[in-house]
Amino acid sequence: MGANKIAIIGIGEVPTRTMPERSRWDIIYDTCMEAVRDSGLSKNDIGAVISTSPQAQPQLTAELAFGKLPEELGLENCKDTCVVNAGGAGTSNCLRLAEQYIASGVADAVLVHHVTVHSTIPVPDLIAFFAKAGVDLQWEYPFGSTYNIIMGLMANRYMHETGCTPLQMASVVTALRSWASRDPHSIFYGKAVPSPEKVLESSLLNTPLHKRESNILADGGCAMVVVSAERAKKMGKPAAYKLGESVRYFSATPMMRNMEKMVYGLRDTAKEAIAQAGITSSDVDIWNVYLAYPLAHPIMAEALEIAPFGQGGQYFLEGRMSFGGDIPWSTIGDAPGRGHTGSGVSAAVYVETARQLMGKAGERQVPDCAYVYQNTSGGSGFNNIATIWGRDPK
Amino acid sequence: MTTQNAQAEQFDMTRPLPIVQPWSEAFWAGAREGKLLLQHCKECSATIFYPRKFCPECWSADIEWRQASGKATVYTFSTAYDMVEPRFWADLPYTIAYVDLAEGPRMMTRIVDCAPEDIKVGMKVEVTFHKLDDKFSLPFFRPAAK
Ligand SMILES: [Zn+2]
């Protein structure tokens, strides 16, 4: 199956906030209806619905998996629906399945969506979920490991190997928040951007991770309408065309992770996706990187060969990846800038990719944006899915 | 997350025990006796950790247990000060590490008997067992004796 067969023609999103007053279904209605309206299609044109699995929300997952959404929204011509779960890589797989539905004739238009409401989950349940997700219950969890600690382990090794300083690391937060402060859908919209020094003033959670280098749990949701590239072209509306894709699996338990394998995988998937799109790295207008934690961004900048080895952190400190810098990077600010919505941040990054290519990104709009690199990754980094999206079909 | 004492009663404060598979029982039996055991594949000579039902390299079932030296080198570490589960609050601060065993495999552990600021990547460490209950002892590591 080629990667150049689909296009995103409609997007819908609610701002990421703490909004316990909004039920999950309330958000589903708004995001899905907005995406369908934005696409120019009608509800009865939607032939299938695919949900990115909402983490830590078992009741909603069951409702979606057992087919409630098409009935709820009255999608009369919906032929099938399902939930896809690969953690943060879930939405990438929703889009792949949408491509299959379209190629095999199940549907002409597919609705892909995500919703997460963290704020009404009891705190003990949230803590228990995030403590155990992506951590091996026999070989890691009993020692007291957490998601934050796993990122700390990776960052400490990276800093040891490259000499990257805490100030350089902290500057990633400054860069991400510089985008987020200009994104009406971000929890930090309109908020002051902390300097790297200010980030380092926040308390240490676990070395080398400071409080401002971690994520705030939030509520949010978004949706996309996907059709064949051919149909999108005929419709002649602004769209995001999928041009290239490459993926690698690394390992499930970070304990077993070979850091080199991961870094080479980040590098190779980008090269392969870019080659499949028929472009070069210098054609990419935005590096829409999804890594959930700021600490991994310098590693990614080096793996993508944007920064030389050991210089990833310095690039961020110089403001090159910040709003106004010469390397547009994670233009919603990744999870640290957007607010953490479980597997939803990667869905939001796709919506942003489409928004930029459609020319609808407002203050954050990258001028003449023709090509976007976007990645997703699941669990505590078990894989990397690299994709290239274009403003025009191949 | 919030005031520790006020919240503590809502949370499960019991110490989590390893969720064991049948083929890893021998590892924990060894740990109980102060032995760090690794699987060895007699077919392809792979040293295997964590324990598997079959050799992950060649799928052989012909696997035996061998006692490791207990010597290792710190690959990386992170010292926790906050934002761990309530059940680990009493241990704070504590240091989680990956260590590379002399026999090859990398494992997660805790570094103990050492001030956090003295822990370094590349530091030589040796195994010491931390008893959780009558069934489980966790392999922790401490600075190697000179
Ligand atoms: Zn073998």
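A. Fine view of the pairing of strand 8 (residues 137-143) of chain B. Among the 7 residues of strand 8 of chain B, 5 are classified as buried, and the element is accordingly described as predominantly covered. Linking strand 7 (residues 124-131) of chain B to strand 8 of chain B, which pair antiparallel, is a turn of 5 residues.

B. How the structure looks around the sheet that holds strand 3 (residues 63-67) of chain B. Residue and element names in this part refer to chain B. The antiparallel open sheet is built from 3 strands, whose spatial order is 2-1-3. Of all strands in the sheet, those bounded by a partner on one side alone are strand 2 (47-48) and strand 3. Across 5 bridges, strand 1 (residues 37-41) lies against strand 3 in antiparallel orientation. For H40, the partnering residue across the bridge sits in strand 3 and is E64.

C. Representation of the coordination of the zinc ion. Residues and elements named next belong to chain B. At 2.3 Å from the zinc ion lie its protein donor atoms, namely C41 (SG), C44 (SG), C55 (SG) and C58 (SG). Between the 4 donor atoms coordinating the zinc ion, the angles at the centre fall across 104 to 115°, so the site counts as tetrahedral. Each donor residue of the zinc ion belongs to the same chain, with the gaps between them written as C-x2-C-x10-C-x2-C.

D. Layout of the packing of helix 4 (residues 90-104) of chain A against helix 14 (residues 344-358) of chain A. All names here are of chain A. Viewed as axis vectors pointing N to C, helix 4 and helix 14 meet at an angle of 55°, and their least axial separation amounts to 7 Å. Taken together, helix 4 and helix 14 sit at an angle that is classed as oblique. Only S346, A347 and Y350 of helix 14 make contact with helix 4, whose side of the interface consists of T91, S92 and L95. Residue composition of the contact of helix 4 with helix 14, by class: 3 nonpolar, 3 polar and no charged.

E. Representation of the sheet that holds strand 2 (residues 48-52) of chain A. All names here are of chain A. Ordered in space as 3-2-4-7-1-8-11-10-9, the 9 strands form an open sheet in which the pairing is mixed. Looking at the sheet topology across the chains shown, the edges are occupied by strand 3 (80-84) and strand 9 (286-288). Across the sheet, the axes of successive neighbouring strands diverge by a mean angle of 25°, strand direction being ignored. Of the strands in this sheet, strand 2, strand 3 and strand 4 (109-116) are in contact with helix 2 (residues 58-65), which crosses strand 3 at around 150°. Across the sheet, helix 14 touches strand 1 (6-17), strand 4, strand 7 (219-228), strand 8 (240-249), strand 9, strand 10 (371-376) and strand 11 (383-390), and the angle it forms with strand 1 is around 120°.

F. How the structure looks around the confidence of the model for chain B. Averaged over all residues, the pLDDT of chain B is 94; the fraction at 70 or higher stands at 94%. Both scores are available for the predicted complex, with the pTM at 0.95 and the ipTM at 0.94.

G. Main features of the domain arrangement of chain B. Residue and element names in this part refer to chain B. Domain annotation for chain B reports domain 1 (19-67) and domain 2 (69-146). With centres defined by C-alpha atoms, the gap from domain 1 to domain 2 works out at 21 Å. Counting residues at the interface gives 13 residues for domain 1 and 16 residues for domain 2. Counting the surface lost from both domain 1 and domain 2, the interface buries some 1,200 Å², and carbon and sulfur atoms represent 74% of this. On the domain 1 side of the interface with domain 2, the three residues burying the most area are W28, R32 and L36, jointly 44% of the side's total. Taken together, the links from domain 1 to domain 2 amount to 0 salt bridges.

H. Up close: the pattern of salt bridges. Residues and elements named next belong to chain A. In the structure shown here, the tally under the stated rule is 33 salt bridges over all chains. As a salt-bridge pair, E13 and R338 come within 2.7 Å of each other at their nearest N and O atoms. Here the residue E13 occupies a position in strand 1, and R338 occupies one in helix 13 (residues 334-338), the gap between them amounting to 325 residues. Of the two residues examined, E13 and R338, each falls in the buried class.

I. Quick peek at empty space enclosed by the protein. Residue and element names in this part refer to chain A. All told, the structure shown has 3 cavities of 30 Å³ or more when counted by the stated rule. Counted as a void, the second largest cavity has a volume near 60 Å³. Around the second largest cavity, the lining residues are E13, T16, H114, G220, G221, C222, R338, T341, G344 and A348. Every element with two or more residues in the lining of the second largest cavity is listed here: strand 1, strand 7 and helix 14. At 3 residues, strand 7 tops the list of elements feeding residues into the lining of the second largest cavity. Of the residues that constitute the lining of the second largest cavity, the class distribution is 2 nonpolar, 6 polar and 2 charged.

J. Just the interface of chain A and chain B, in detail. Each partner contributes residues to the interface: chain A has 35 residues there, and chain B has 45 residues. Both faces combined, the contact of chain A with chain B buries some 3,400 Å², and carbon together with sulfur accounts for 65% of it. Our count for the contact surface shared by chain A and chain B stands at 0 salt bridges. Our enumeration of links across chain A and chain B arrives at 17 residue pairs in polar contact (both at pLDDT 80 or more). Going through the elements one at a time, helix 5 (123-132), helix 6 (147-162), strand 5 (204-206) and helix 10 (259-277) of chain A are the ones with two or more residues in the side of chain A that touches chain B.

K. Quick peek at the layout of surface pockets. All names here are of chain A. Each pocket or cavity is described by its volume, and for the second largest pocket that value is around 530 Å³. Forming the boundary of the second largest pocket are 32 residues, of which Y147, G378, G379, S380 and G381 lie nearest the centre. Of all the secondary-structure elements, those providing two or more residues to the lining of the second largest pocket are helix 5, helix 6, helix 10 and strand 11. A per-element tally of the lining of the second largest pocket places helix 6 first, with 3 residues. For the lining of the second largest pocket, a count of residues per class yields 17 nonpolar, 15 polar and no charged.

Cut-off values and rules
Residues numbered from 1 in each chain as written. Chains lettered and ligands numbered in written order. Predicted model: local features only at pLDDT ≥ 70, side-chain atom pairs only at ≥ 80, totals over all residues. Heavy atoms only, no water. Buried < 20%, exposed > 50% of the residue type's maximum accessible area, 1.4 Å probe, protein only. Helix = DSSP H or I, 4+ residues; strand = E, 2+ residues; numbered from the N terminus. Pairing = 2+ DSSP bridges. Donors = N, O, S within 2.8 Å, 3.2 Å for Na, K, Ca; no water. Tetrahedral: all angles 85-135°; square planar, octahedral: opposite > 155°, others 65-115°. Axes fitted to C-alpha atoms, helices over the stretch in contact; angles between N-to-C directions. Parallel < 35°, antiparallel > 145°, perpendicular 65-115°, else oblique. Contact = heavy atoms within 4.5 Å. Nonpolar A, V, L, I, M, F, W, Y, C, P; charged D, E, K, R; others polar. pLDDT = per-residue confidence, 0-100. Domains from an automatic or database assignment. Buried area = accessible area lost by both parts, 1.4 Å probe. Salt bridge = Lys/Arg side-chain N within 4 Å of Asp/Glu carboxyl O. 1 Å grid on protein atoms, 1.4 Å probe; cavity = no way out; pocket = protein on both sides within 12 Å on 5 of 7 lines; lining within 4 Å. Points joined across faces, edges and corners; volume = space filled by probe spheres on them. Polar contact = N/O pair within 3.5 Å; in protein donor to acceptor, adjacent residues only side chain to side chain.

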